[in-house]
Amino acid sequence: GQNIDQPTEMTATEGAIVQINCTYQTSGFNGLFWYQQHAGEAPTFLSYNVLDGLEEKGRFSSFLSRSKGYSYLLLKELQMKDSASYLCAVEGNAGKSTFGDGTTLTVKP
Amino acid sequence: DAGVTQSPTHLIKTRGQHVTLRCSPISGHKSVSWYQQVLGQGPQFIFQYYEKEERGRGNFPDRFSARQFPNYSSELNVNALLLGDSALYLCASSLGTSGAQETQYFGPGTRLLVL
């Protein structure tokens, strides 16, 4: 079966750093993706990890440990516009992508 | 370049009816996936099509079917609609089906309400 866990909600202050964790148990693994979804909008791609380690892209970084079934998304220098839901997704076997239920991040001034 | 487009944007149906949702992928993308997203949850995988062949299917009943056309556009069909089918239906396209080519680009979705 497929199972992805991430915290339901997080709150952080503008300018701060926040780490959103994701743990997964899947029957296959071909890569892990992070997406951002603003309320009422479609998800947009943030990052992709297939090998262990840290991938950095501007203010956003994503880490993967395949042996631990663990990933995190790190957001630096938080801005108000970063308030959104962050979705962790695993690409498994036979083209099946499994998404977590998302972490709703609220950035406060 | 145009992104993924979906039609219609909103739809209201009654129980037992049939619905067809349409999706056009980004130019050059050969893979289309369909997802159902209920409020407060992540997208649930329904189908993936690549080069007009079904490549993956999620845990949805046979009332759900899809197809991909030679121009890589796709349709999702749902028969015998139930109240629980009310959701946002997302279409996503990708270049391919492995590695970074699996990066999906989502359309704006079709919001379906079943009364």
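Refer to the structure above for everything that follows.
Residues numbered from 1 in each chain as written. Chains lettered and ligands numbered in written order. Predicted model: local features only at pLDDT ≥ 70, side-chain atom pairs only at ≥ 80, totals over all residues. Heavy atoms only, no water.

Asks: Mind showing me how you'd approach unusual backbone geometry here?
Replies: All names here are of chain B. In this structure, the amide linkage connecting Ser7 to the following residue, Pro8, adopts the cis form with an omega of -10°. Position of Pro8 relative to the elements: it lies in the loop between β1 (5-7) and β2 (10-13). Here Tyr72, not a glycine, exhibits a phi torsion of approximately 75°, which is positive. Tracing the backbone through its elements, the reader meets Tyr72 in the loop between β7 (64-68) and β8 (74-78). (Helix = DSSP H or I, 4+ residues; strand = E, 2+ residues; numbered from the N terminus.)

Asks: When you look at the interface of chain B and chain A in this model, what are you seeing that I'm missing?
Replies: One frequently used descriptor of interface size is the decrease in accessible area upon assembly of the parts. Contacts between the two partners involve 23 residues from chain B, matched on the other side by 17 residues from chain A. Here chain B meets chain A over a buried area of about 1,600 Å², counting both sides, of which 54% is carbon and sulfur. Counting the contacts that link chain B with chain A gives 0 salt bridges. Here chain B and chain A share 5 residue pairs in polar contact (both at pLDDT 80 or more) between them. Sorting the residues of the side of chain B that touches chain A by element identifies β4 (31-37), β5 (44-50) and β6 (53-57) of chain B as the ones contributing at least two each. The greatest single-element share of the side of chain B that touches chain A, amounting to 3 residues, is contributed by β5(B). When the residues that make up the side of chain B that touches chain A are grouped by side-chain class, the tally is 7 nonpolar, 14 polar and 2 charged. (Contact = heavy atoms within 4.5 Å. Buried area = accessible area lost by both parts, 1.4 Å probe. Salt bridge = Lys/Arg side-chain N within 4 Å of Asp/Glu carboxyl O. Polar contact = N/O pair within 3.5 Å; in protein donor to acceptor, adjacent residues only side chain to side chain. Nonpolar A, V, L, I, M, F, W, Y, C, P; charged D, E, K, R; others polar.)

Asks: In this structure, what is going on with the state of the cysteines? I would like to understand it.
Replies: Each disulfide consists of one covalent bond between the sulfur atoms belonging to two cysteines. Summed over the entire model, instances satisfying the criterion amount to 2 disulfides over all chains. One disulfide bridge connects Cys22(A) with Cys88(A), the sulfur atoms lying 2.0 Å from each other. Between Cys22(A) and Cys88(A), the S-S torsion sits near -65°, and that sign places the bridge as left-handed. Taken together, the residues span a long stretch of sequence, with Cys22(A) in strand β3 (residues 18-25) and Cys88(A) in strand β9 (residues 84-91) at a distance of 66 residues. Both residues of the pair, Cys22(A) and Cys88(A), count as buried. Each sulfur in the disulfide pair Cys23(B) and Cys91(B) lies 1.8 Å from the other. Negative torsions about the S-S bond denote left-handed disulfides, and the value of about -60° found for Cys23(B) with Cys91(B) makes this one left-handed. Of this pair, Cys23(B) sits in strand β3 (residues 19-24) while Cys91(B) is found in strand β9 (residues 87-94), placing the two residues 68 residues apart along the sequence. (Disulfide = S-S within 2.5 Å. Buried < 20%, exposed > 50% of the residue type's maximum accessible area, 1.4 Å probe, protein only.)

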